[in-house]
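Structural characterization, general
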Amino acid sequence: MRYISTRGQAPALNFEDVLLAGLASDGGLYVPENLPRFTQEEIASWAGLPYHELAFRVMRPFVSGSIPDADFKKILEETYAAGSGGVFAHSAVAPLRQLNSNEWVLELFHGPTLAFKDFALQLLGRLLDYVLAKRNERVVIMGATSGDTGSAAIEGCKACDNVDIFILHPHNRVSEVQRRQMTTILGENIHNIAVEGNFDDCQEMVKDSFADQSFLKGTRLVAVNSINWARIMAQIVYYFHAALQLGGPARSIAFSVPTGNFGDIFAGYLARNMGLPISQLIVATNRNDILHRFMSGNQYVKDTLHPTLSPSMDIMVSSNFERLLFDLHGRNGAAIAELMATFKQGGGFSVEEDRWTEARKLFDSLAVDDQATCETIAEVFEESGELLDPHTAIGVRAARECRRSLATPMVILGTAHPVKFPEAVEQAGVGQSPALPPHLADLFEREERCTVLANDLKTVQGFVTQHGNRGKPL
Ligand SMILES: *Cc1c(COP(=O)(O)O)cnc(C)c1O
């Protein structure tokens with residue numbers, strides 16, 4: 001499989017190189033040159049497969065030419081096999097829970113950090129280790145986090161022999177659960193940096209480090225945010241998994257996806273283009289609604305950032321949206337480069353009417369504010385006794401308001417466990433936040449390791465240079 005850039009100027013890469021690449025050299029994002037397409041019979045024959053075996057069938061075309069089948073199978077078994085000692089705490093890995101008639105939550109929060117990002121980052125860590133061992137190469141990972149990404153990346157890479165990981169978070173500005181999920185994972189290749197600044201400062205430093213990597217003395221820098229193709233790829237699998245449980249592919253399915261950077265929902269769009277009959281995809285955002293404004297009114301325009309009860313979707317710009325725009329423009333890289341240049345200069349844009357209409361055949365959207373989020377948490381708790389996290393609640397609200405057909409099963413992606421977001425649960429007035437699951441029960445007693453650094457690029461880069469080789473200088 002070859003991968004091409006959404007801006008048309010960067011060289012095509014194979015899977016191995018795309019795994020290690022961040023942005024393409026032309027500023028674009030990598031996408032498969034040709035998407036695999038499965039027949040209905042083929043998909044139907046996968047019914048009942050354990051998650052890791054389904055994952056092999058869905059993802060195999062994407063890694064072909066880079067990872068032999070036997071090795072890929074082994075990696076997937078380590079990542080997704082259920083049972084004691086497995087990474088995911090539920091024997092179904094991604095169980096479906098019925099909320100209402102023909103309405104289901106796909107629980108993607110049974111991984112080590114209790115959010116769906118584990119599905120992608122557990123695999124990404126193992127893929128990196130495999131590829132780097134083969135090449136006899138070491139890399140440095142740098143990422144900025146306001147919460148979920150950092151812990152999932154650290155959990156995913158902690159066992160990687162050839163990776164040193166540096167995660168920047170804004171000092172005193174992430175929740176205690178989220179901080180401890182990062183800082184209590186100890187290892188000589190794991191470095192938590194609390195920056196005396198805000199999340200944007202952290203993100204800016206990571207961006208600047210990608211732009212000029214001389215401080216790494218030749219070591220490659222790898223991205224773990226959702227621009228990394230392997231993360232999107234891993235997320236395609238659970239759309240197939242859910243549909244097969246609910247009568248697919250003989251029957252169509254609708255999905256509602258709480259989204260910020262358009263990563264998770266883009267995976268659903270790809271699943272559909274690979275042959276899965278998905279009849280509707282709902283973009284569910286919080287007040288940071290750039291995607292909703294595009295889907296409802298064909299305006300892609302930056303707004304200011306509003307902090308909400310669903311912080312993992314607090315974004316101003318949606319990085320993966322470019323991948324959809326590329327398809328909507330007939331995969332014309334020059335057109336995308338032009339749109340993105342306009343956007344960068346501060347201008348928003350609309351796309352031509354027929355392109356927007358094409359997108360609207362599949363996508364609907366809703367922006368849900370904090371009050372409606374809390375109302376939905378309370379409503380669902382009253383109906384069924386299920387406690388939702390605020391991100392999932394936004395997905396449920398959007399599903400209920402935007403649903404096209406009651407006869408089509410509606411699946412809401414459950415992106416996080418409610419214990420991660422006690423504030424929203426309390427505001428919803430449904431009582432105490434639930435207890436931490438067994439593997440995190442002693443989280444508040446564990447030793448933490450973290451370095452507080454000034455909000456200064458040279459200071460942070462100097463720290464990376466000093467510790468980038470298993471705690472020793474690069
Ligand atoms: C990251 C995250 C999201 C948003 O995912 P995208 O891929 O950016 O759309 C939603 N919910 C939770 C809990 C998250 O951690």
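Residues numbered from 1 in each chain as written. Predicted model: local features only at pLDDT ≥ 70, side-chain atom pairs only at ≥ 80, totals over all residues. Heavy atoms only, no water.

Quick word on the packing of helix α15 (residues 370-384) against helix α16 (residues 390-402)
Where α15 meets α16, the closest approach of the two axes is 9 Å, and the angle between their N-to-C directions is 85°. In this view, α15 runs roughly perpendicular relative to α16, as classed from their interaxial angle. Across from Ala372, Thr373, Glu375, Thr376, Ile377, Glu379, Val380 and Glu383 in α15, the residues of α16 making contact are Pro390, Ala393, Ile394, Val396, Arg397 and Arg400. Of the residues contributing to the contact of α15 with α16, the split by class is seven nonpolar, two polar and five charged. (Axes fitted to C-alpha atoms, helices over the stretch in contact; angles between N-to-C directions. Helix = DSSP H or I, 4+ residues; strand = E, 2+ residues; numbered from the N terminus. Parallel < 35°, antiparallel > 145°, perpendicular 65-115°, else oblique. Contact = heavy atoms within 4.5 Å. Nonpolar A, V, L, I, M, F, W, Y, C, P; charged D, E, K, R; others polar.)

Section: α15
For α15, spanning 15 residues, the distance from its first C-alpha to its last is 21 Å, which sits close to the expected 21 Å at 1.5 Å a residue. Those residues of α15 that are buried lie in contact with β4 (96-100), α16 and α17 (422-427). Positive backbone phi, approximately 80°, marks Gly385, located one or two places after α15. (Expected span 1.5 Å × (residues − 1).)

Brief notes about the domain arrangement of the protein chain
Taken domain by domain, the protein chain consists of domain 1 (96-114 + 229-428) and domain 2 (115-225 + 442-474). For domain 1 versus domain 2, the distance between C-alpha centres works out to 27 Å. Between domain 1 and domain 2, a total of about 1800 Å² is buried, with carbon and sulfur atoms accounting for 60% of that surface. Summed over the three residues of domain 1 that lose the most area to domain 2, namely Thr113, Arg231 and Lys420, the buried surface amounts to 39% of that side. Run the count over domain 1 and domain 2 and you get one salt bridge. Asp148 is paired through a salt bridge with Lys420; the nearest N and O atoms lie 2.8 Å apart. The interface formed by domain 1 and domain 2 includes 10 residue pairs in polar contact (both at pLDDT 80 or more). Top contributing element to the side of domain 1 that touches domain 2 by residue count: helix α9 (residues 229-245), with six residues. Of the residues that constitute the side of domain 1 that touches domain 2, the class distribution is 11 nonpolar, five polar and three charged. (Domains from an automatic or database assignment. Buried area = accessible area lost by both parts, 1.4 Å probe. Salt bridge = Lys/Arg side-chain N within 4 Å of Asp/Glu carboxyl O. Polar contact = N/O pair within 3.5 Å; in protein donor to acceptor, adjacent residues only side chain to side chain.)

A closer look at the pairing of β4
Within a regular beta strand, the side chains point alternately toward one face of the sheet and then the other, so they alternate between its two faces. One ladder, built from four bridges, connects β4 with strand β5 (residues 103-107); its direction is antiparallel. Across the sheet, residue Arg97 finds its bridge partner in β5, namely Val105. Counting the residues in the hairpin turn of β4 and β5 gives two residues, including Asn102, whose phi is positive at 60°. (Pairing = 2+ DSSP bridges.)

Section: the site of the ligand
If you check the shell around the ligand, you find 15 residues, and the closest are Lys117, Asp148, Thr259, Asn261 and Thr415. The contact in question runs from an oxygen atom of the ligand to an N or O atom on the backbone of Asn261, over 2.8 Å. With respect to the ligand, the backbone of Gly263 contributes an N or O atom lying 3.4 Å from an oxygen atom. Within the complex, the protein chains bury 96% of what would otherwise be the 380 Å² of accessible surface of the ligand. Both of domain 1 (96-114 + 229-428) and domain 2 (115-225 + 442-474) provide at least three residues apiece to the shell around the ligand. (Near = heavy atom within 4 Å. Areas by Shrake-Rupley, 256 points an atom, 1.4 Å probe, with all protein chains shown as cover.)

Considering the sheet that holds strand β14 (residues 451-453)
Pairing within the open sheet is parallel, and its five strands lie in the order β9-β6-β7-β8-β14. Only two strands of the sheet have a single partner each, and these edge strands are β9 (220-222) and β14. Each neighbouring strand pair of the sheet contributes to a mean axis angle of 30°, computed without reference to strand direction. Pairing of strand β7 (residues 163-170) with strand β8 (residues 190-195) involves six bridges; the strand directions are parallel. Directly across from Ile165, in β8, lies its bridge partner Ile190. The strands that helix α6 (residues 148-157) touches are β6 (139-144), β7 and β8; relative to β7, the one it contacts most, it runs at about 165°. Relative to the sheet, helix α8 (residues 199-211) contacts β6, β7, β8 and β9, its axis offset from that of β6 by approximately 150°.

Quick notes on the pattern of salt bridges
If charged atoms from side chains of opposite charge come close, those side chains can pair. Tallied over the entire structure, the rule returns 32 salt bridges. Put simply, Arg400 and Glu103 hold a salt bridge, and the shortest N to O gap is 2.7 Å. Residue Arg400 is found in helix α16, and its partner Glu103 is found in strand β5; the two are separated by 297 residues along the sequence. Classification of Arg400 by relative accessible area gives partly exposed; the value is 27%. A relative accessible area of 4% places Glu103 in the buried class. (Buried < 20%, exposed > 50% of the residue type's maximum accessible area, 1.4 Å probe, protein only.)

Quick look at the state of the cysteines
The tally for this structure, following the rule as stated, stands at zero disulfides. Cys157 carries a free sulfur, and the closest cysteine sulfur to it, the one in Cys160, is 4.6 Å from it. Residue Cys402 stays outside any disulfide, its sulfur separated by 19 Å from that of Cys374, the closest cysteine. (Disulfide = S-S within 2.5 Å.)

Details of the nonpolar core
With 112 residues, the main nonpolar core has Phe15, Tyr239, Phe240 and Phe363 as its most contacted residues. Here this core gets 13 residues from one element, more than from any other, and that element is α9. Here this core spans two domains, and each of domain 1 (96-114 + 229-428) and domain 2 (115-225 + 442-474) adds at least three residues to it. Not counting the four nearest positions on each side in its chain, Tyr239 is found in contact with Phe255, Val257, Asp264, Ile265, Ala267, Gly268, Ala271, Leu276, Ile278, Leu281 and Leu413. Of all hydrophobic cores here, the second largest spans 27 residues; its members include Ile394, Val396, Met410 and Val425. (Core = buried A, V, L, I, M, F, W, Y, C linked by side-chain atoms within 4.5 Å.)

As for the side chain of Thr219
Structurally, Thr219 can be placed in the loop between α8 and β9. Look at Thr219 and you get buried, because its relative accessible area is 18%. In this view, Thr219 contacts Arg138, Val139, Val140, Gln213 and Leu474; residues no more than four positions away in its chain are not counted.

Structural notes on the environment of Met340
By the secondary structure assignment, Met340 is in helix α13 (residues 333-344). Take Met340: its relative accessible area is 13%, and that puts it in the buried class. Measuring from C-alpha to C-alpha, the distance between Met340 and Arg7 comes to 9.2 Å, with 333 residues separating the pair along the chain. Ignoring any residue separated from it by four or fewer positions in sequence, one finds Met340 in contact with Arg7, Glu322, Leu325 and Phe349.

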